[in-house]
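This is what each chain is made of:
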Amino acid sequence: MLTERIIRDAKSDGKARTIWDAQVKGLGVQITQGGKKNFVLRYKGSTGMRQAIIARCNEISLRDARSRAGRELANIRAGETDPLSRREQAIQAPTMAELWSRFETEFAPDRIAVGRMTERTLTEYRKAARRHLLPALGRKRVADVKRADIERMVKGMASTPSARNRLLALTSRLFSLAEVWELRPQSTNPVKGIVRAREDARDRVLSDSELTALGQALDKLQEQHSVAVVAIKVAALSAWRISEVLNLRWSDISFERGVATLPETKTGRQVRPLPSTALDLLAAMPRINGVDWVFSIRRGVPTRYRHVRAVFAQAVEAAGLDDVRMHDLRRSLATRAAASGVSLPVLRDVLGHAQITMAARYARMADAAVAAAIETTGGGVAAALDGRKRT
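So, a few notes on the structure that sits alongside this text. Residue indices follow the written sequence of each chain, beginning from 1 at its first position. Reporting in this predicted model follows two pLDDT cut-offs: at least 70 for local features of residues, and 80 or more for side-chain atom pairs to be given and counted; totals over whole chains, interfaces and linings ignore these cut-offs and use all residues. To get the side-chain values, take all heavy atoms of the structure and skip hydrogens and water.

Digging into helix H9 (residues 226-238)
And then number 1: For H9, built from 13 residues, the straight-helix expectation of 18 Å at 1.5 Å per residue is met to within 8% by its first-to-last C-alpha distance of 18 Å.
And then number 2: Of all 13 residues in H9, ten are buried; the element is thus mostly enclosed.
And then number 3: Residue burial is assigned from relative accessible area. The probe radius is 1.4 Å, only protein chains are included, and a residue is buried under 20% of its type maximum, exposed over 50%, and partly exposed in between. Helical segments are the DSSP runs of H or I of at least four residues, strand segments are the runs of E of at least two, and each set is numbered from the N terminus. Of the residues making up H9, those classed as buried are Val227, Ala228, Val229, Val230, Ala231, Ile232, Lys233, Val234, Ala235 and Ser238.
And then number 4: Of the residues flanking the end of H9, it is Ala239, one or two places downstream, whose phi is positive at about 65 degrees. Multiplying one less than the number of residues by 1.5 Å gives the expected span of a helix.

Structural notes on unusual backbone geometry
Trans is the common state for peptide bonds, and a negative phi is the common state for residues other than glycine.
And then number 1: For Ser187, which is not glycine, the phi dihedral falls at a positive 60 degrees.
And then number 2: Structurally, Ser187 is set in the loop between helix H7 (161-180) and helix H8 (208-221).
And then number 3: Accessibility expressed as a relative area gives 68% for Ser187, which makes it exposed.
And then number 4: Look at Asp323: it is not a glycine, yet its phi comes out positive at around 55 degrees.
And then number 5: Structurally, the position occupied by Asp323 is in the loop between helix H12 (305-318) and helix H13 (327-339).

Digging into the packing of H8 against H12
And then number 1: Where H8 meets H12, the axes come as close as 8 Å, and the angle between the chain directions of the two elements is 125 degrees. It follows from the interaxial angle that H8 and H12 lie oblique. Relative to H12, H8 is oriented so that their crossing is right-handed. Contacts between H8 and H12 involve Leu214, Ala217, Leu218 and Leu221 on the former and, on the latter, Val311, Phe312, Gln314, Ala315, Val316 and Ala318. Axes here mean lines fitted to C-alpha atoms, for a helix over just the part in contact, with angles spanning 0 to 180 degrees between N-to-C directions. Relative orientations are named as follows: roughly parallel for angles under 35 degrees, roughly antiparallel for angles over 145 degrees, roughly perpendicular for angles from 65 to 115 degrees, and oblique for any other angle. Two helices that cross are described as forming a left-handed crossing if the nearer one is turned anticlockwise from the farther one by less than a right angle, and a right-handed crossing if clockwise. In this description, contact between two residues means that some pair of their heavy atoms is separated by no more than 4.5 Å.

Next up, the structure:
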């Protein structure tokens, strides 16, 4: 019978050997050729006799080894998975890199095909996965990832709250799919409960003088970067997202009706009005035979966002403006519209939003309208305090 002393004194003598226990049938101490000692369990599986290591001898006591071996034998007799099969399953279990690959090559293309995801969204997902997700979690098995692993992945992203929140959203989506695909137990998403970073909404709006300076700077770049400059101006005049402008095709535009049909936006297919100023700019654009893209610098290829962003950055610098981004043009027009009295439902449709929430936010940012409301109501309160009628 095995004892602690026998285990302690056992040596390999240059050969691997096993000393079997008399108390628990199938339990033994394996001494390898190199002298390492393991508790092993020999049992009858579905394919015959099998042997699995259940612990290192320096990790648990003989008493604990007997207790563990007894539980394993009882589970095997009850038809549960044996320890060697569990180990084989763990080795074959998919990693996070494999989960991402399935998402990228199977799930995402299907979503794009039915209009529930865009290519641009998938591109953003790829950037987040390659920059953060795969380096931190790629080699880990899907079933083994814990909340602490997720928290370590995003620990250094406090200065970029938006990117942090988007990464957590993507990671959560992957684990939700892992549960659907039965790669993890249900309701074990490790992202749940992790606090999202607070994102301060950007409220930069260009004044009249800033818009004038920007327009003059763009005019100076017109000859060298005509396509990019027109794209920026159309975005500023229409309040479209720059991606919507750059994806515009001639076949989408009805100059007679003054509208464009956008087959793909954040909220699906939309028909958007275009102001006459934007239509005039588009009508003056040269057309390349056989190319349907409105904004194209090479045959058959739409202008890249990176190029337009670089031209915009040049114009901002030349205009002497501070902290201005391309999306601020959209916000500037929306805020002006709200200040002029455009209703929230109309503003929502102008901007192409699915909900009225963002339109309401632009309305709150309309400084002129807010100031006028405060002046009116404040004057009434002042008159009441003075005991006089408001004229």
